[in-house]
Amino acid sequence: MKGLTCFFICFFLSEVPGFEIPINGLSEFVEYEDLVELAPGKFQFVEESQRYQRSLPGESGETMEEVDQVTLYTYKVQSTITSRMATTMIQSKLVNNSPQPQNVVFDVQIPKGAFISNFSMTVDGTTFRSSIKERTVGRALYAQARAKGKTAGLVRSRALDMENFRTEVNVLPGAKVEFELHYQEAKWRKLGSYEHRIYLQPGRLAKHLEVDVWVIEPQGIRFLHVADTFEGHFDGVPAISKGQQKAHISFKPTVAQQRICPSCRETAVDGELVVLYDVDREEKAGELEVFNGYFVHFFAPDNLDPIPKNILFVIDVSGSMWGVKMKQTVEAMKTILDDLRAEDHFSVIDFNHNVRTWRNDLISATKTQVADAKRYIEKIQPSGGTNINEALLRAIFILNEANNLGLLDPNSVSLIILVSDGDPTVGELKLSKIQKNVKENIQDNISLFSLGMGFDVDYDFLKRLSNENRGIAQRIYGNQDTSSQLRKFYNQVSTPLLRNIQFNYPHSAVTDVTQNSFHNYFGGSEIVVAGKFDPAKLDQIQSIITATSANTELVLETLAQMDDLQDFLSKDKHADPDFTKKLWAYLTINQLLAERSLAPTAAAKRKITRSILQMSLDHHIVTPLTSLVIENEAGDERMLADAPPQDPACCSGALYYGSKVPSGSIPSWASPSPTPVTSMQAEGAKVLESTPPPHVMRVENDPHFIIYLPKSQKNVCFNIDSEPGKILNLVSDPESGIAVNGQLVGAKKPNNGKLSTYFGKLGFYFQSEDMKIEISTKTITLSRGSSTSTLSWADTAQTMNQRVLTSVKKEKVVTITVDKEMSFSVLLHRVWKKHPINVDFLGIYIPPTNKFSPNAHGLIGQFMQEPKIHIFNERPGKDPKKPEASMEVKGQKLIVTRGLQKDYRTDVVFGTDVPCWFVHNSGKGFIDGHYKDYFVPQLYSFLRRP
């Protein structure tokens, strides 16, 4: 299913300022003028005037105190969970204290799968409210506003699993602004508990920070606790009161408690408040609650013996899995294999452009076989392409053959777990064809689960693949937590307790049931069914459940829970009386969205689409078929936010502002520049981050050059020791019109008598587009002719200009892609601001390519035409850990040393070791001429060669 993914609502300024509204004082902001202690953070402003100063009386003369431009007065979150249905409100109130207008951003993270139900904001007394419209109606309203020259914006975008709601306004001096967002979500039981996450990111200290969570469960609360996600900083701050059926969590840190340290101006409130709980089930396998014309059936039997499983692990070992991702996958797999039971059967398939199997048959999970499989996995070395089609068909063949030969326990459950991080690059490349091949070959008793690793995986494809074949998909991000994420997913799907589950309700009393048959039930989870009922036949509502356990056929009867439910809910002002209705709508829309993606015909898809649209409008929630229209009472200021299109074939985002422009755009003025800004189009919210291939040219640290030579498959490295301020040419190719240069910045002071230098600024010049891109540790500036646009490292965005695509991943990496054939990645390295020596710096990564002309040069560019090298006579060096060798290159014989450098793309803190042969004396003999020959006068200069 696809819930709401990324929203980015902007105000598009026309010739007159769209939001210069007369200032009207609001009573709730009367204390704002006294607030001067808050620190910059999530709310972003023009960099050149981050703060202003005011005079304060001192003991003698005057002292000057820095004052924040924008003060966060209130940051309030209220969340209520009634029988697993959660409704959350986030409210933020701010004031502009500065003498200049400021851009204020309301940027909220929303749990995956949540539906936004309402949004409003008040800017200087003018209130903007939202309504849900059918998408074409919303676009018509947008076009109407544009035609009249009114402020209007439309953005559709698709983000990752974490969803954002973002809106930006320009606030006049002394003006106040208030934002309020409402969303709803269902709580799913995993590993024996429900998890409620609230993302707290005020970005700065708040005068009043209040978080309240109410949990109301008629079944009774078995346990509840708040996880420590702030590393002990807020010990004792969350207050928990718990009764038999109700609980309240209050998190209200004072300004002093919010500070990251006693003298700091930054806030420590930047993370998640996580509430974990479970309900009482006594001896009942399920709970059937009826209320206000709707019923909800919760089914979670425990104390059952696990069903034996036949499991095939299909692991992607292509080159893109290189590094930390593969290491953590191996560690997780070793733990997972240890969890197999003696009655389970398994095998392991690993694939790149080829497909290998540890065993061609399913093997009993004895200690000896598990140990052998772990040794096999430990020896995997990632390389090559990705042949998903053949790997899955091989897994299906092994399970089908074992079933056909009668080798499987008839009461067992068969599973395939696919672990992959990329699209197919070898064999069958058409995704729809792979889906068809899997669907036609897999038997009905096999479930396919998919784990998409990293940011570049086609997660929509994996979801369709799993949804079609009785499984689920999960995205796992390639970071330090990969191993635990993988194990957590496995634990969710590895303990089957029941199979072939059927829910039966009396047809005369119950209608519109969301779903009544399920393939498997796994321990620690829960099945939820909802529907409507006839109030006149309330006494007839019951459920008969049939299922197969490890040893027998079960028949379970669940009677409706009606006793005192209405009285119980009416006595609690926080209880949601519409929880059954909301949960039914939530489940039904998600089920319809999944069915729509699998619809066999266009007619069937249209019918499902009409149902989704009507339910979205009836229940006031944003889905891929509706839009959130936001306007003031006069209707002369209008915005519109779409949920992402569900059809994966559609563009990832499309901005309409007059005429159609590249997908996912945000206006160029979103990050104002000191120079006049014109409409250089920028995409917002789409994240381009991938697990990188190992074979690139790299420059890191102070600065270390690592040159990968594809033909000889070797890394050769050298350092450049120069002076701060010098500009080094990295790539100079006048024929293709591309120049890349880096300016050095020095450390704060020498260390052991040596002043280290780093790249503090990089310049990219694309002559045919008259395009210049300057990347510093502070900003990313894009210039084309007299037009300039500035992006912040605090943003996630894209800009597209003819054939040059620039993507920014917040606080991590900038990727520049030319014609989809040539790319440059720039990594940001932040250091502690008070470090006595180190400074922020940049690293650059350039994959080898044949798209440069044969005359390309520069410290990196000269190696695009690979020189022949011969390394021989390897011998012990002065350091026993660093052997020496002789290297012949460019007619010279050099002494080189074997050592390790760092690649920081998958681990920005510790880096990944890259073995290389080190050339001494600033690369002398390996590079053409002397390193000083590569000095250039300007950041966009071509190299002048003798």
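Everything discussed here concerns the structure shown above.
Please read these numbers as outputs of a predicted model, since none were measured by experiment. (Residues numbered from 1 in each chain as written. Predicted model: local features only at pLDDT ≥ 70, side-chain atom pairs only at ≥ 80, totals over all residues. Heavy atoms only, no water.)

Things to note about the overall build of the protein chain
Scanning the protein chain from N- to C-terminus turns up twelve helices and 57 strands. For the protein chain, buried positions account for 57% of its 946 residues. A separation threshold of at least 6 residues defines the contact pool for the protein chain, and within that pool the share at least 24 residues apart is 68%. A total accessible area of about 39,100 Å² is found for the protein chain, and carbon and sulfur atoms account for 49% of it. (Helix = DSSP H or I, 4+ residues; strand = E, 2+ residues; numbered from the N terminus. Buried < 20%, exposed > 50% of the residue type's maximum accessible area, 1.4 Å probe, protein only. Contact = heavy atoms within 4.5 Å. Areas by Shrake-Rupley, 256 points an atom, 1.4 Å probe, with all protein chains shown as cover.)

Some details on the packing of aromatic side chains
Evaluated as defined, the whole model comprises 23 aromatic pairs. For the ring pair Y294 and W584, a centre distance of 5.4 Å and an interplane angle of 45° mean the geometry is tilted. Placement of Y294 in strand β20 (residues 294-299) and of W584 in helix α10 (residues 579-597) is noted, with a sequence separation of 290 residues between them. When sorted by exposure, Y294 lands in the same class as W584, which is buried. Judged by centre distance (4.5 Å) and plane angle (15°), the rings of F863 and F926 are stacked. One end of the pair, F863, is in the loop between β53 (841-846) and β54 (869-875); the other, F926, is in the segment after α12 (920-923), with 63 residues separating them in the sequence. (Phe/Tyr/Trp six-rings, centres within 6.5 Å; stacked < 30°, edge-to-face > 60°.)

Notes on the pattern of salt bridges
Taken as a whole and judged by the stated rule, the model has 31 salt bridges. In this structure, D576 engages K582 in a salt bridge whose closest nitrogen and oxygen atoms are separated by 2.9 Å. For D576, a relative accessible area of 11% translates into the label buried. The class of K582 is partly exposed, set by a relative accessible area of 21%. Three or more residues joined by partner-sharing salt bridges are found here, namely R84, E217 and E526. (Salt bridge = Lys/Arg side-chain N within 4 Å of Asp/Glu carboxyl O.)

A closer look at the state of the cysteines
Counting across every chain of the model gives two disulfides. Between the sulfur atoms of C261 and its disulfide mate C264 the distance is 1.7 Å. A torsion of 90° about the S-S bond marks the disulfide between C261 and C264 as right-handed. For C261, a relative accessible area of 24% corresponds to the partly exposed category. Between the sulfur atoms of C717 and its disulfide mate C916 the distance is 2.1 Å. (Disulfide = S-S within 2.5 Å.)

Some points on the nonpolar core
Ranked by size, the top nonpolar core spans 60 residues in total, and within it F764, F824 and F926 carry the most contacts. Once you skip the residues sitting within four places of it in the chain, F764 turns out to touch A739, V740, M771, K772, I773, I775, I816, F824, V826, I844 and Y940. With 54 residues, the next largest nonpolar core counts I110, V169, F251 and L628 among its residues. (Core = buried A, V, L, I, M, F, W, Y, C linked by side-chain atoms within 4.5 Å.)

A word on unusual backbone geometry
If you check the backbone angles, D512 has positive phi at about 50° while not being a glycine. By the element assignment, D512 lies in the loop between β29 (510-511) and β30 (517-522). The exposure class of D512 is partly exposed, given its relative accessible area of 44%. Of note in this structure, S922 is not a glycine but carries a positive phi near 55°. Mapped onto the elements, S922 comes out in helix α12.

As for the packing of helix α3 (residues 324-338) against helix α4 (residues 367-378)
Any two packed helices are characterised by the angle at which their axes cross and by the distance between the axes. One way to put it is that α3 packs onto α4 with a least axis distance of 10 Å and a crossing angle of 175°. One element, α3, and the other, α4, form an angle in the roughly antiparallel class. Taken together, the residues of α4 that come into contact with α3 (itself represented by V330, M333, K334, L337 and D338) are V370, A373, K374, I377 and E378. Across the contact of α3 with α4, the residue classes break down as six nonpolar, no polar and four charged. (Axes fitted to C-alpha atoms, helices over the stretch in contact; angles between N-to-C directions. Parallel < 35°, antiparallel > 145°, perpendicular 65-115°, else oblique. Nonpolar A, V, L, I, M, F, W, Y, C, P; charged D, E, K, R; others polar.)

Topic: the side chain of H704
Tracing the sequence through the fold places H704 in strand β41 (residues 704-709). In terms of polar contacts, H704 uses its side chain to reach the side chain of N719, at 2.5 Å. When residues no more than four places from it in sequence are discounted, the contact partners of H704 are R698, V699, F718, N719 and Q901. (Polar contact = N/O pair within 3.5 Å; in protein donor to acceptor, adjacent residues only side chain to side chain.)

Concerning the sheet that holds strand β15 (residues 221-226)
Read from one edge to the other, the open sheet built from four strands follows the order β12-β13-β18-β15, with strand pairing classed as antiparallel. At either end of the open sheet lies a strand with only one pairing partner, and these are β12 (189-190) and β15. Examined bridge by bridge, strand β13 (residues 193-200) and strand β18 (residues 271-279) share seven bridges and lie antiparallel to one another. The residue of β18 that forms the bridge with H196 is V275. (Pairing = 2+ DSSP bridges.)

Observations concerning a nonpolar patch on the surface
Where nonpolar side chains cluster on the molecular surface, the patch consists of V908, V909 and F910 and spans about 330 Å² of accessible area. Judged by relative accessible area, which is 61%, F910 ranks as exposed. (Patch = residues over 30% accessible without salt bridge, like charges linked within 9 Å, V, L, I, M, F, W, Y side chains within 5 Å.)

Some thoughts on helix α6 (residues 431-441)
Burial in α6 covers these residues: L431, I434, Q435, N437 and V438. Buried residues along α6 cover an arc of 165° about the axis, so they all sit on one side. Taken together, the buried residues of α6 touch α5 (388-404), β26 (446-453) and α7 (459-467). (Arc of directions from axis to C-beta.)

What to know about α7
Most of α7 sits inside the fold, with eight of its nine residues counted as buried. Packing partners of the buried residues in α7 comprise α5, β25 (413-420), α6, β26 and β27 (473-476).

Quick look at the packing of α5 against α6
Contact pair α5 / α6: the axes reach a minimum separation of 10 Å and the direction vectors enclose 5°. In terms of orientation, α5 lies roughly parallel with respect to α6. Every residue of α6 that contacts α5 at N389, L392, L393, I396 and N400 is listed here: I434, N437, V438 and N441.

A look at the pairing of strand β22 (residues 345-351)
Side chains on a regular strand alternate between the two faces of the sheet. Counted residue by residue, β22 has six buried out of seven residues, so it is predominantly covered. Pairing analysis gives seven bridges linking strand β21 (residues 309-316) to β22, with the strands arranged parallel. Along β22, the bridge assignment pairs V314 with I349. Regarding topology, α3 serves as the crossover connection from β21 to the parallel β22, and that connection is right-handed. Pairing of β22 with strand β24 (residues 363-364), which is carried by two bridges, proceeds in the antiparallel orientation. (Right-handed = clockwise from strand over helix to strand, strands pointing away.)

Side note on the side chain of T781
With respect to the helices and strands, the residue T781 is situated in strand β47 (residues 779-784). By relative accessible area, which is 18% here, T781 ends up buried. Every residue in contact with T781, bar those within four places of it in the chain, is listed here: K772, I773, E774, T788, S789 and T790.

Points about the environment of L407
Its place among the elements puts L407 in the loop between α5 and β25. Of the residues examined, L407 reaches a relative accessible area of 60% and is grouped as exposed. Taking the C-alpha atoms as reference points, L407 and L362, 45 residues apart in sequence, are found 9.0 Å from one another.

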